[in-house]
Amino acid sequence: MTFIETTEDLKAFCEKLQKEKFITVDLEFLREHSYYAKLCLIQIGSLSDSAIVDPLAPDINLQAFLDLMQNENITKVFHSGRQDIEIIYNLCGKIPAPLFDTQVAAMVCGFGEAASYESLVAAICRISLDKTSRLSDWSRRPLNETQLQYALSDVTHLIKIYQYLDNELQKNKRGEWISEEMDILSNPETYQVKPFEVWKKIKHRSHNPHFLTILRELAAWREKRSMRKNTPRQSLIKDEMLLNIAAANPHSAEELEQTRGIRKDIATGKLAGEILEVICKCDGISPKDYVSLPAEAKISHGCTSLCELLRLLLKIRSQAEGIVPRLIAADDDLKAFSCFHDKNNPILKGWRKKIFGDYALALRNGELHIAYNPQTKKIEFTGLN
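Quick caveat: nothing in here was measured; it's all calculated off a predicted structure.

> Which parts of the structure should I look at to understand the overall build of the protein?
When helices and strands are counted, the protein shows 17 helices and eight strands. With 385 residues in all, the protein has 47% of them scored as buried. Expressed as a percentage of contacts within the protein between residues at least 6 apart in sequence, the contacts between residues at least 24 apart total 63%. Element-wise, carbon and sulfur atoms account for 50% of the exposed surface of the protein, whose accessible area totals about 20900 Å².

> I'm lost on the packing of aromatic side chains in this one. Help?
By convention here, two paired aromatic rings are described through the distance between centres and the angle between planes. Throughout the structure, instances matching the rule amount to eight aromatic pairs. Centroid distance F100 to Y162: 4.8 Å. Interplanar angle 85°. Geometry classified as edge-to-face. Residue F100 is found in strand β6 (residues 99–101), and its partner Y162 is found in helix α6 (residues 145–171); the two are separated by 62 residues along the sequence. With relative accessibility at 8%, the residue F100 sits in the buried group.

> Any chance you could explain the environment of Q258 here in plain terms?
With respect to the element layout, Q258 can be found in the loop between α11 (253–257) and α12 (264–267). As a C-alpha pair, Q258 and I245 span 13 residues in sequence and 9.8 Å in three-dimensional space.

> Just to check I follow, could you spell out the sheet that holds strand β4 (residues 50–53) for this structure?
Note on sheets: strands pair through backbone hydrogen bonds, and any given pair is parallel or antiparallel. With mixed pairing, the six strands of this open sheet are ordered in space as β1-β4-β3-β2-β5-β6. In this open sheet, the two edge strands, each paired with only one partner strand, are β1 (2–4) and β6. Between one strand axis and the next, the sheet turns by 25° as a mean value, whatever way the strands run. Relative to strand β5 (residues 75–78), strand β2 (residues 22–30) runs parallel, the two sharing three bridges. Its bridge partner being in β5, F22 is matched across the sheet by T75. The strands that α6 touches are β1, β2, β3 (38–45), β4, β5 and β6; relative to β2, the one it contacts most, it runs at about 140°.

> What is the right way to read helix α16 (residues 331–338) from this model?
In an α-helix, one turn spans 3.6 residues; hence positions three or four apart end up facing the same way. Looking only at α16, the buried set comprises D333, L334, F337 and S338. Taken end-on, α16 shows its buried residues confined to a sector of 135°, consistent with a single buried face. If you follow the buried residues of α16, they end up packed against α14 (301–321) and α17 (350–364). Once α16 finishes, F340 follows within two positions and takes phi at roughly 65°, a positive value.

> Which parts of the structure should I look at to understand the pairing of β2?
On a regular strand, one side chain projects to one face of the sheet and the next to the other, so that they alternate. The buried fraction of β2 amounts to nine of the nine residues, a majority that puts the element mostly inside the structure. Burial along β2 is two-sided: F22, T24, D26, E28 and L30 facing one way and I23, V25, L27 and F29 facing the other are all buried. In this structure, β2 lies alongside β3, joined through seven bridges in antiparallel fashion. Across the sheet, D26 pairs through a bridge with Q43, a residue of β3.

> Sorry, what's going on with the pairing of strand β8 (residues 378–382) here?
Direction of pairing for strand β7 (residues 369–373) relative to β8: antiparallel, over a ladder of five bridges. Bridge assignment links Y372 to a residue of β8, and that residue is I379. Taken together, β7 and the strand that follows it, β8, pair antiparallel across an intervening segment of four residues, in which K377 is found at a positive phi of about 60°.

> Can you help me understand helix α1 (residues 7–16) in this one?
All buried positions along α1 are accounted for by T7, L10, F13 and C14. Take α1 and look down its axis: the buried residues cluster within an arc of 125°, on one side only. Those residues of α1 that are exposed and aimed more than 90 degrees away from the buried face are E8, K11, E15 and K16. Along its buried surface, α1 packs onto β1, β3, β4 and α2 (63–68).

> Please clarify how the nonpolar core should be interpreted in this entry.
Most often, soluble globular proteins keep nonpolar side chains buried together rather than apart. Grouped together as the largest cluster of nonpolar side chains are 79 residues, with contacts concentrated most on L27, F65, I161, L310 and F356. Sorting elements by how many residues they give to this core places α17 first, with seven residues. Ignoring anything within four residues of it in the chain, the contact list for L310 reads L334, F337, S338, F356, A360 and L363. Among the nonpolar cores identified, the runner-up in size contains 28 residues, and I202, L243, A246 and C282 belong to it.

Reading the values: the criteria
Residues numbered from 1 in each chain as written. Predicted model: local features only at pLDDT ≥ 70, side-chain atom pairs only at ≥ 80, totals over all residues. Heavy atoms only, no water. Helix = DSSP H or I, 4+ residues; strand = E, 2+ residues; numbered from the N terminus. Buried < 20%, exposed > 50% of the residue type's maximum accessible area, 1.4 Å probe, protein only. Contact = heavy atoms within 4.5 Å. Areas by Shrake-Rupley, 256 points an atom, 1.4 Å probe, with all protein chains shown as cover. Phe/Tyr/Trp six-rings, centres within 6.5 Å; stacked < 30°, edge-to-face > 60°. Pairing = 2+ DSSP bridges. Axes fitted to C-alpha atoms, helices over the stretch in contact; angles between N-to-C directions. Arc of directions from axis to C-beta. Core = buried A, V, L, I, M, F, W, Y, C linked by side-chain atoms within 4.5 Å.

Pasting the structure below:
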């Protein structure tokens, strides 16, 4: 096993990989005690060599690895790589290119929703992984041989998985089917946090514009402070507490202290002043600039029934093609199609139209007939042009 702890060795290893057509990549990290993930290990695999890089080694410079991530002649293979890619993006401001995510590819190749790495190793490599090191503290040193072997297996088995899935995509001419998902992973905006959008991820039931505006401002303040201090947002102040503060709308330390569920260290500490400052800022926001939730599209009873039929059709077609339904159509796409809002609807474009959109059009036009054939034990369609 190659364990790299110096800049020189990392440069030499990355230089060896420059002529590879693809490499497999995985990162071990911790983020329980920080806002940004703490990178603990880098695993890199290829047909010629594999290695583990220690980013915590004294004075190691990771530039050779980051440069390798930008070699456009080498496909970078990840499994469920969004968090790994985010870490690399935060290190250098660039997305690895080109990308291939085996979890996405597996959804197109009949392995179901969110296929795990373990399940792909079992199905493709015929190996059962030892998971005893899965929950290791990867920041501790030294790491034992079992931990290192486990970490390296995350990229060595990925080589065979990638080759299998890539071959299946080429054989079935489905490479285009995952291109949109790869475009999302390759878009820097996927990894850029927008503090004033964070409130939308907080679960609540209110539609009150004033309350939602206060919540937006408080959530943005918490996000920016967490980023600045590199502290997990929930350890700074939990969502539930933000909701209570937004509902109480306190304007003094005394009112803040009386807010339901408020921690004493928050109500009487430095954070109290910052929270009250945010509340006061909200007083200066004009009602016309309050948060407004988008009105839910009203669907007629007939369109609702059509949408239910489309969901059934999507399930049938996705099973027939061996692809996860959400890669073909989102529920909003089905609702829009049910209301005859066809402009820019993804199901009427490219490969989606061929495997589902044409069926959906025929169904909406009253031309498609669906029946179960007891002889073949399959769902059959008639009426398609």
